[in-house]
Amino acid sequence: MTHPFLDLAPLSAARFASIEDRVARLLHTGQDVVIMQGEALLPLEGAIRAAAGPGTTALNVITGPYGQTFGNWLRDCGADVIDLAVPFHTAVTAEQIRAAFAERPEIDFVSLVHAEAATGNTNPVAEIGPVVREHGALFYLDAVASVGAEPVLVDAWGVDLCVIGAQKAMGGPAGVSAVSVSERAWARMAANPRAPRRSYLSLLDWKERWIDGGRTALPHAPAQLEMLALEACLERIEAQGLDAVIARHARAAAATRAGALALGGGLEPYVHDAADAAPVATTLRAPAGTDAAELVARALESDPGLPVSAGGGALAKEMIRVNHYGPDATPATVRGALVALGQALAERGLAVDVTAALGAADAAGR
């Protein structure tokens, strides 16, 4: 019995390398790109453990839950960690980064999340990157949620380690991810005696066994179906044009925010300033006296497939999240979410205007 998935010819090293090259073009970088055979947490953790250790002084920016995770990994590596935490309804500024360097000039590593889908904010990396490079620190960036939804310019921004995943705005698979690595970052890893070796987390293994050998022999069998899915999503982005994909996400975000404001019922954007709002997800503060998780559950009764969820952890009672990324960055998704949320609010006796919400969303999303 044959099957179109099970009977595929093995993925060649040349094809694997060509997919890496397409990722490099997506990130606007001439750096090495390594495609890791797992979800984005694999390179996110692997890059930190390779580049940080005792003697590292890390500035860890916290604008959401992933920033908190990075700080934990950095401490576990033995780094001296300085947390720069800002309220989750806003974004960090280049001035705050510069002030941190002035206070602790020995900082030599900066970790930052570009867009926090969990909290709905995005950070101004184009402004922060030059500040980090001016001080000579290694710059680690989580662009998992932002890539495909907003520009990610690795070389122009001076990013040394940029991790991406395909499962959000790229509209691709969750089982593979990638990291771009600068020469400075490779040198930092090579000098770190605690950098993972002979490990699934090891970036140095990939460099020595794959990149240094001219990318002619894969170090192990790749996750073939996930690699082909990644290739397909890259092809789709290239066919549509990256600028068009980014613009589609921006329209969806603008439409969701405008529609939520016009809906009424006490619903309001969680991220105060629209300039700080991420294009992949719009987070909303539930009306006073309501429970966000209960409202979401009611909203999903009409359409369980809507990309609407409650906030994670402690935010579950107060935050509603509309995930308009990848194939869901469309007017239909936005309209469906607004209608469902409007019905849930109305059932609680709150005054809403769904017609006004849809009109505002349509106008903002043009």
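Look a little higher up for the structure.
In this text, all values refer to a predicted model and were calculated from it rather than measured experimentally.

A. The side chain of Asp 276, seen in detail. Position of Asp 276 among the secondary structure elements: in the loop between β10 (268-269) and β11 (281-285). Of the side chains bearing the opposite charge, Arg 257 lies closest to the buried Asp 276, which forms no salt bridge; the N-O distance is 8.3 Å. A polar contact is formed between the side chain of Asp 276 and the side chain of Thr 90, at a distance of 3.4 Å. Residues within four places of Asp 276 in sequence aside, it is in contact with Thr 90, Ala 91, Gly 120, Asn 121, Thr 122 and Val 271.

B. Focus on unusual backbone geometry. Even without glycine at this site, Arg 198 takes up a positive phi of about 50°. By the element assignment, Arg 198 lies in the loop between α7 (183-190) and α8 (203-211). Non-glycine residue Arg 215 carries a positive phi angle of around 55°. In this fold, Arg 215 is placed in the loop between α8 and α9 (224-240).

C. Geometry of the pattern of salt bridges. Counted under the stated rule, the structure contains 20 salt bridges. A salt bridge links Glu 134 to Arg 98; the shortest N-O distance between them is 3.2 Å. Of this pair, Glu 134 sits in helix α5 (residues 125-134) while Arg 98 sits in helix α4 (residues 94-103); the two residues are 36 residues apart in sequence, bridging distant segments of the chain. Judged by relative accessible area, which is 55%, Glu 134 ranks as exposed. For Arg 298, the salt bridge is made with Glu 301, and the minimal N-O distance between the two is 3.3 Å.

D. Quick peek at empty space enclosed by the protein. Here the structure, examined in full by the defined rule, presents one cavity of 30 Å³ or more. Each pocket or cavity is described by its volume, and for the largest cavity that value is around 40 Å³. Together, Val 23, Ile 164, Gly 165, Ala 166, Met 170, Val 176, Ser 177, Ala 178 and Leu 230 line the largest cavity. Those elements that place two or more of their residues in the lining of the largest cavity are β8 (161-165) and β9 (177-181). Residues that form the lining of the largest cavity fall into these classes: seven nonpolar, two polar and no charged.

E. Quick look at the packing of aromatic side chains. Under the definition given, this model contains six aromatic pairs. Relative to Trp 210, the ring of Phe 16 has its centre 5.4 Å away and its plane inclined at 80°; by these criteria the two rings are edge-to-face. One end of the pair, Phe 16, is in helix α1 (residues 13-26); the other, Trp 210, is in helix α8, with 194 residues separating them in the sequence. You'll find Phe 16 and Trp 210 in the same group, each marked buried. Where Phe 70 meets Tyr 140, the ring centres are 5.3 Å apart and the plane angle is 90°; that geometry is what we call edge-to-face. Of the two residues, Phe 70 sits in helix α3 (residues 65-76) while Tyr 140 sits in strand β7 (residues 138-142), which places them 70 residues apart along the sequence. With respect to class, Phe 70 is no different from Tyr 140; both count as buried. Through successive ring pairs, a cluster of aromatic residues spans Tyr 66, Phe 70, Trp 73, Phe 109 and Tyr 140. Here Lys 207 stacks its cationic end above the ring of Trp 186, 5.7 Å away from the centre of that ring.

F. Spotlight on the layout of surface pockets. Counted as a void, the largest pocket has a volume near 190 Å³. Tyr 66, Asp 142, Val 144, Ala 145 and Lys 168 are, among the 17 residues lining the largest pocket, the residues nearest its centre. The class makeup of the residues in the lining of the largest pocket is 11 nonpolar, one polar and five charged.

Thresholds applied
Residues numbered from 1 in each chain as written. Predicted model: local features only at pLDDT ≥ 70, side-chain atom pairs only at ≥ 80, totals over all residues. Heavy atoms only, no water. Helix = DSSP H or I, 4+ residues; strand = E, 2+ residues; numbered from the N terminus. Buried < 20%, exposed > 50% of the residue type's maximum accessible area, 1.4 Å probe, protein only. Lys, Arg positive; Asp, Glu negative; His and termini not counted. Salt bridge = Lys/Arg side-chain N within 4 Å of Asp/Glu carboxyl O. Polar contact = N/O pair within 3.5 Å; in protein donor to acceptor, adjacent residues only side chain to side chain. Contact = heavy atoms within 4.5 Å. 1 Å grid on protein atoms, 1.4 Å probe; cavity = no way out; pocket = protein on both sides within 12 Å on 5 of 7 lines; lining within 4 Å. Points joined across faces, edges and corners; volume = space filled by probe spheres on them. Nonpolar A, V, L, I, M, F, W, Y, C, P; charged D, E, K, R; others polar. Phe/Tyr/Trp six-rings, centres within 6.5 Å; stacked < 30°, edge-to-face > 60°. Lys NZ or Arg CZ within 6 Å of the ring centre and 35° of its normal.

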